[in-house]
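# Chain and residue survey
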Amino acid sequence: MTAELGHIALIIALCMAVFQTLVPMVGSFKGYQSWMRLGQTMAFGQFVFIALSFACLSMAFLNDDFSVAYVANNSNTLLPDRFKMSAVWGAHEGSLLLWALILAGWTAAVALFSRRMPLVFSARVLSVLGFIAVGFALFLLLTSNPFERILPVIPLEGGDLNPLLQDFGLIVHPPMLYMGYVGFSVPFAFAIAALIGGQFDSAWARWARPWINAAWMFLTVGICLGSWWAYYELGWGGWWFWDPVENASFMPWLIGTALMHSIAASEKRGVFRSWTLLLAIFTFSLSLLGTFLVRSGILTSVHAFASDPERGVFILAFLFVVVGGSLLLFALRGPQMRSSSDYQGWSRETMLMVNNVLLVSATAMILVGTLYPLLADVLDLGKISVGPPYFSFFFVPITTVLMLFLGFAGFTRWQWTDARLLLRKGVVPGLISLVLGLLLPALAVEQLSWSSYSLSAVLTLILVFWVITMSAEDLLLKVDGKMSNLKGLTGSYWGMLIAHAGLAICVLGVGLSASYDLQRDVRMVPGDHVDLGEYSFQFVGVKPADGPNFSAYRGQVLVTVGDQLITTLWPEKRNYKAAGQTMTEAAIDGKLTRDLYVSLGEPLGGNAWAIRVQVKPFVRCIWLGALMAGLGGLIAGNDKRYRRRKSRLTTASNVGGIRV
Amino acid sequence: MRLALFLPVALFVVLSVVLLLGLDSDPTELPSALVDEPFPAFRLEALDPEQGFIDEQQLIGEVALVNVWATWCYACRIEHAMLNQLAESGVKIIGLNYKDNRADAFEWLTLRGDPYVFSVFDLRGSLGIDLGVYGAPETFLIDAQGMIRYRRVGVVDERVWSNEFAGLYAKLKAEAQ
Amino acid sequence: MHPLRKQRLQIVVMIIAASAVATGLIIYMLGQNANYFYTPSQVLSGEAPEGTFIRAGGMVVEGSVRRDPNSLAVNFEVTDGSAILGIRYTGILPDLFAENEAAIAAGKLDQNRVLQASEVLAKHDEKYTPPEVAESMNAAYKAKQKQKRKADKL
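Residues numbered from 1 in each chain as written. Chains lettered and ligands numbered in written order. Predicted model: local features only at pLDDT ≥ 70, side-chain atom pairs only at ≥ 80, totals over all residues.

## Comments concerning the overall build of chain C
Regarding its fold elements, chain C presents three helices and seven strands. Order of helices (α) and strands (β) in chain C, N terminus to C terminus: α-β-α-β-β-β-β-β-β-α. Residues classed as buried in chain C amount to 37% of the 154 residues present. (Helix = DSSP H or I, 4+ residues; strand = E, 2+ residues; numbered from the N terminus. Buried ≥ 20, exposed ≤ 12 C-beta atoms within 10 Å, placed from the backbone.)

## What to know about the overall build of chain A
From N to C terminus, chain A includes 20 helices and eleven strands. Computed over C-alpha atoms, the radius of gyration of chain A comes to 27 Å, within 12% of the 26 Å expected from 2.2 N^0.38 for 660 residues, which places it in the range of a compact globule. Counting over 660 residues, chain A shows a buried share of 55%. Sequence separation of 24 or more characterises 75% of the internal contacts of chain A that already satisfy a separation of 6 or more. (Rg over C-alpha atoms; globule rule 2.2 N^0.38 Å. Contact = placed C-beta atoms within 7 Å.)

## Quick look at the domain arrangement of chain C
Here the domain parsing of chain C yields domain 1 (3-33) and domain 2 (36-123). Distance from the C-alpha centre of domain 1 of chain C to the C-alpha centre of domain 2 of chain C: 42 Å. (Domains from an automatic or database assignment.)

## What to know about the confidence of the model for chain C
Reading fine detail from the predicted coordinates is not recommended where pLDDT is low. Residue and element names in this part refer to chain C. Of all residues in chain C, 77% have pLDDT values of 70 or greater, and the mean over the chain is 80. Within chain C, no element has a lower average pLDDT than helix α3 (residues 131-153), which sits at 63, and none a higher one than strand β5 (residues 84-90), at 92. In the predicted assembly, ipTM is 0.83 and pTM is 0.85. (pLDDT = per-residue confidence, 0-100.)

## Describing helix α10 (residues 244-269) of chain A
All names here are of chain A. Compared with the 38 Å implied by 1.5 Å per residue over 26 residues, the 37 Å span of α10 between its first and last C-alpha is a close match. Here α10 lies mainly inside the structure; 23 of its 26 residues are buried. Phi for G270, located one or two positions after α10, is positive at around 70 degrees. (Expected span 1.5 Å × (residues − 1).)

## Overview of the packing of helix α8 (residues 185-197) of chain A against helix α9 (residues 202-233) of chain A
Each pair of packed helices gets described by two things: the angle between the helix axes and the distance between those axes. Residue and element names in this part refer to chain A. Between α8 and α9, whose axes approach to 8 Å, the crossing angle comes to 160 degrees. For the element pair α8 / α9, the angle class is roughly antiparallel. For α8 against α9, the interelement crossing comes out left-handed. Contacts between α8 and α9 involve V186, P187, F190 and A194 from the first element and W204, W207, A208, W211, I212 and A215 from the second. A breakdown of the residues in the contact of α8 with α9 according to their chemical character gives ten nonpolar, no polar and no charged. (Axes fitted to C-alpha atoms, helices over the stretch in contact; angles between N-to-C directions. Parallel < 35°, antiparallel > 145°, perpendicular 65-115°, else oblique. Left-handed = near helix turned anticlockwise from the far one by under 90°. Nonpolar A, V, L, I, M, F, W, Y, C, P; charged D, E, K, R; others polar.)

## Details of the sheet that holds strand β9 (residues 587-590) of chain A
Residues and elements named next belong to chain A. Sheet architecture is open: four strands sit in the order β2-β11-β10-β9, paired in antiparallel fashion. Strands with a single pairing partner mark the edges of an open sheet, and in this sheet they are β2 (518-524) and β9. Pairs of neighbouring strands in the sheet enclose a mean axial angle of 15 degrees, with direction left out of account. Taken together, the four bridges between β9 and strand β10 (residues 594-603) define a ladder with antiparallel strand orientation. Within β10, the position partnered with I588 by the bridge is Y597. (Pairing = 2+ DSSP bridges.)

## Section: helix α1 (residues 2-30) of chain A
A rise of 1.5 Å per residue sets the reference length of α1(A), with its 29 residues, at 42 Å; its end C-alpha atoms lie 42 Å apart and thus fit the reference within 8%. Of the residues one or two after α1(A), A:G31 is the one with positive phi, at around 80 degrees.

## Description of the sheet that holds strand β7 (residues 148-153) of chain B
Residue and element names in this part refer to chain B. Reading across from one edge, β5-β4-β3-β6-β7 is the order of the five strands in this open sheet, with mixed pairing throughout. In this open sheet, the two strands that pair with only one neighbour each are β5 (119-122) and β7. Each strand of the sheet is rotated relative to its neighbour by a mean of 15 degrees, with strand direction disregarded. Note that strand β3 (residues 64-69) and strand β6 (residues 138-142) share five bridges and pair antiparallel. Within β6, the residue paired with V68 across the bridge is E138. With respect to the sheet, helix α5 (residues 158-176) is in contact with β6 and β7, its orientation differing from that of β7 by roughly 170 degrees.

## Description of the nonpolar core
All names here are of chain A. Counting residues in hydrophobic clusters, the biggest one holds 235 residues, and the most contacted among them are A100, L103, A133, F136, A137, F190 and I281. Per-element tally for this core: the top contributor is α9, with 18 residues. When neighbours within four sequence positions are excluded, I281 is seen to be in contact with F188, A191, S326, L327 and F330. M524, V559, L569 and L604 belong to the second largest nonpolar core, which has 51 residues in total. (Core = buried A, V, L, I, M, F, W, Y, C linked by C-beta atoms within 7 Å.)

## Some thoughts on the environment of A:F282
Residue placement: A:F282 occurs in helix α11 (residues 273-296). In sequence terms A:F282 and A:M251 are 31 residues apart; their C-alpha atoms lie 9.7 Å from each other.

## A short note on the pairing of strand β4 (residues 93-98) of chain B
Residues and elements named next belong to chain B. Within β4, five of the six residues are buried, leaving the element largely enclosed by the surrounding structure. Looking at chain direction, β3 and β4 are connected through five bridges and run parallel. Considered in β4, the bridge of W69 is made with N97. As for the winding sense of the linkage, the β-α-β connection from β4 through helix α3 (residues 102-112) to β5 is right-handed. (Right-handed = clockwise from strand over helix to strand, strands pointing away.)

## Points about the environment of A:L627
All names here are of chain A. Summarising the element assignment, L627 is placed in helix α19 (residues 620-637). A C-alpha to C-alpha distance of 9.9 Å links L627 and F218, two positions 409 residues apart in sequence. Once residues lying within four places of it in the same chain are set aside, the contact partners of L627 are V221 and C224.

## Regarding the environment of B:I142
Residue and element names in this part refer to chain B. One can find I142 in strand β6. Note on I142: 24 C-beta atoms within 10 Å, which makes it buried. Distance in space between the C-alpha atoms of I142 and E37 is 9.7 Å, their sequence separation being 105 residues. Residues within four places of I142 in sequence aside, it is in contact with F39, L59, A64, V66, M147, I148 and R149.

## Focus on the packing of α9(A) against α19(A)
Residues and elements named next belong to chain A. The contact between α9 and α19 brings their axes to 8 Å, and the two run at 165 degrees. Looking at the two axes, α9 sits roughly antiparallel to α19. Where α9 crosses over α19, the handedness of that crossing is left-handed. Residues R209, P210, N213, A214, W216, M217, T220, V221, C224, S227 and W228 of α9 touch α19, and the partners they reach there are W623, A626, L627, A629, G630, G633, L634, A636 and G637. Classifying every residue of the contact of α9 with α19 by side-chain character gives 13 nonpolar, six polar and one charged.

## A look at the confidence of the model for chain A
All names here are of chain A. Taken as a whole, chain A shows an average pLDDT of 87; of its residues, 91% reach a score of 70 or greater. In this model, residues 301-306 is a region of pLDDT below 50 whose contacts with residues beyond four sequence positions or in other chains number 18 contacts. Every residue in residues 645-660 scores below 50 in pLDDT, and together they form 18 contacts with partners more than four places removed in sequence or on other chains.

## Notes on unusual backbone geometry
Phi at A:F272 takes a positive value of approximately 50 degrees, unusual for a residue other than glycine. The class of A:F272 is buried, set by 24 C-beta atoms lying within 10 Å.

In structure tokens:
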């Protein structure tokens with residue numbers, strides 16, 4: 001019965017979403033207050049029923065109800081409960097239901113906090129969100145119903161969740177990522193409501209900003225977790241592959257970052273309004289495009305779900321209506337672009353514009369690289385894949401310029417900044433960064449026997465120190481020796497500082513791990529050793545080590561520096577019998593400054609094994625920095641400013657206001 | 001300047017067209033290369049060694065299903081009960097035991113029931129290659145003349161049978177008489 | 001010209017110039033980094049260029065995988081059903097690499113039309129075959145059927 005209950009709950013949620021779309025929108029034009037208010041009720045109701053539906057699917061998994069096709073295909077009785085839970089979103093249908101649940105969650109949150117906004121506006125926002133919910137609920141019910149039964153012959157045992165996905169990382173990664181993807185539907189809905197109503201003032205920007213920051217934070221953490229998961233679970237030490245699906249999540253992140261910056265200018269100075277609206281539309285459109293690319297199987301990728309042309313057509317149609325419709329609306333109703341004469345040369349507006357141009361160019365470059373194989377296929381130019389060098393070629397200079405400008409972030413003023421002032425502030429940090437950047441790699445040559453003087457490390461260090469020293473200088477000047485000044489600094493400021501420092505640390509990880517990475521694939525018999533830099537990896541041997549649902553070989557590798565034993569690593573080769581899948585479980589010894597990474601390849605006959613040993617300096621900084629950036633976004637989004645002004649605006653109409 | 005606002009939507013329309021065309025040439029789309037082709041020639045041992053060798057001639061004469069299965073194939077467990085039921089209702093099913101271990105395969109059939117008239121033992125997957133098998137399970141519907149008339153990649157369950165197979169099966173059955 | 005007009009014109013010219021440069025660069029880099037996929041038949045018929053980075057794949061021919069006893073060098077052959085391509089690779093083969101299974105190799109062709117691979121990819125799991133391989137095998141299958149039919153007619 002659970003499955004039917006879940007199915008019915010989903011249908012009810014769809015009906016509510018239809019009401020949520022139509023009634024408040026019509027009401028907003030006719031001026032019917034009660035019609036507009038219905039949006040909120042429907043949003044809450046929809047959330048309750050989607051949650052019920054999701055709970056039903058989870059129950060079916062926990063109870064091993066293999067009469068449900070989706071459960072039978074993705075779970076079995078041996079699977080531990082926590083993986084049964086994550087199996088709920090381990091494949092297409094369930095992950096889509098999770099998507100719908102998160103959308104309903106965001107919508108309910110908007111409904112909850114919407115009392116701060118004019119009713120006409122919030123009614124339209126909820127209506128747009130309702131429309132998106134209708135699309136996804138229909139998609140679920142028509143093409144990807146997770147509650148479908150296998151009747152009358154019920155299998156006794158289910159299939160298996162892909163062993164790659166039997167991992168903690170996968171329990172958290174998709175929900176986080178979806179929170180981000182779907183979260184950008186909120187600023188999108190704000191943008192559409194603004195276009196319909198013709199209101200794009202500072203208040204609008206102020207309402208939208210916390211939502212943008214929240215969604216951005218989730219997306220940042222989600223991407224970060226995904227990359228971390230690939231690093232330790234795929235077993236070969238890579239953490240980013242420029243795979244189409246990774247790109248699909250990275251593009252909305254880049255545009256979302258641009259949006260976060262441009263809306264600051266829209267709020268404070270009333271500039272870039274048109275542009276901000278467009279970015280809000282783009283961010284969510286790219287999220288949808290990402291969904292389309294992943295679900296339609298149109299691009300080859302590790303992540304691609306089982307493809308189904310019917311699904312592809314549905315999403316494409318939906319994409320066309322949502323994106324095409326909103327862009328058309330933008331073209332018809334968008335605010336006229338004004339010549340930007342009220343700010344000059346080195347103002348903060350200019351800096352934010354530079355930021356936007358860079359981020360948007362990076363996105364365009366990735367989009368072209370991702371879709372080119374598709375285009376080539378359509379034009380019959382052959383089967384093509386675009387290699388990572390293409391992406392790095394553009395990404396390195398763009399990041400470089402971005403970081404150079406980013407250093408000045410704290411010093412610029414709205415409207416006009418004296419260029420000489422900027423130069424003066426930049427002298428000391430500039431010198432420090434140059435000296436450290438040029439010197440430290442030379443020291444590395446001295447200290448670490450393996451490295452040669454690496455120019456990429458020089459560039460990385462200069463940029464990283466530049467951003468950090470500039471930020472520190474700005475903070476010191478603002479504090480000006482008095483601790484009491486610290487309190488005066490706003491959440492926005494702290495958020496910016498932390499996020500920028502996070503970016504710098506992430507770049508440090510990317511740059512140094514790329515510059516000083518050591519990797520060797522070797523054939524080893526017990527007793528063999530291989531030297532990598534100062535580290536010596538000694539292969540002791542391989543023994544069978546079977547787990548509950550897999551058989552495995554476990555290798556033992558001693559790592560020494562000189563005569564001192566650093567650590568013992570136990571890489572494994574597992575064979576999951578049920579799915580007939582082989583997995584490489586790498587052994588990692590992680591420190592902030594370096595990871596030692598050993599993975600077991602294949603047996604080569606006799607006692608010999610193929611083994612990959614790697615030393616990855618500072619690789620952990622990549623994820624540490626990304627998490628910091630996410631934290632910064634969260635802090636900035638929680639700035640008291642958004643709450644105070646709003647409550648002042650609305651205390652008259654609302655008793656005991658709710659905080660955003 | 002107003003016209004510039006139409007630029008995004010114009011670009012998007014172009015993109016949509018590419019995506020739509022791309023969807024058409026879906027790289028993972030299954031080809032119908034084999035449908036309406038004769039079942040490829042082969043000569044392989046039966047799973048049960050007592051049945052000796054089997055070739056394509058033995059598939060001719062009656063409408064039948066050829067089901068690709070293996071004990072390493074998890075999804076095959078899901079469809080096995082359905083196959084048993086079909087066999088009971090009189091459908092002729094021929095097994096193609098694909099890249100499998102003989103002992104395991106026997107155990108499987110003893111444990112779960114044997115819906116197959118006989119199973120071809122394709123240890124090396126040579127027939128699998130000729131059939132263009134992607135993996136197991138896969139099911140082919142062949143007519144009385146030994147022509148492949150339908151192909152299903154993935155599990156055959158009640159729904160798949162009634163939606164995709166039942167009609168065609170009945171029609172072929174009628175033609176054969 | 002009015003100074004404001006002049007400034008605007010400058011900006012427009014700059015934007016156009018920058019876009020042109022960017023477009024040019026993108027097209028150039030795509031050309032440099034687009035790796036074409038070839039089937040063994042295409043490679044042996046001379047369609048695939050020598051010395052350029054390409055991808056090729058098919059079923060790994062049974063009994064063709066030979067490991068060097070002292071290093072990680074390995075030779076193997078892939079087929080699409082009608083032609084056989086030799087591949088040489090040094091390194092660790094992917095987990096699901098096996099004879100009679102699909103594999104894709106990326107690298108350069110040498111003078112002997114052997115692919116000197118720097119990367120080998122196998123399918124990800126039991127259910128998944130790389131689409132290019134599936135397609136090339138289908139193409140080869142169709143070709144074989146056609147030949148057979150011709151032979152039958154004669």
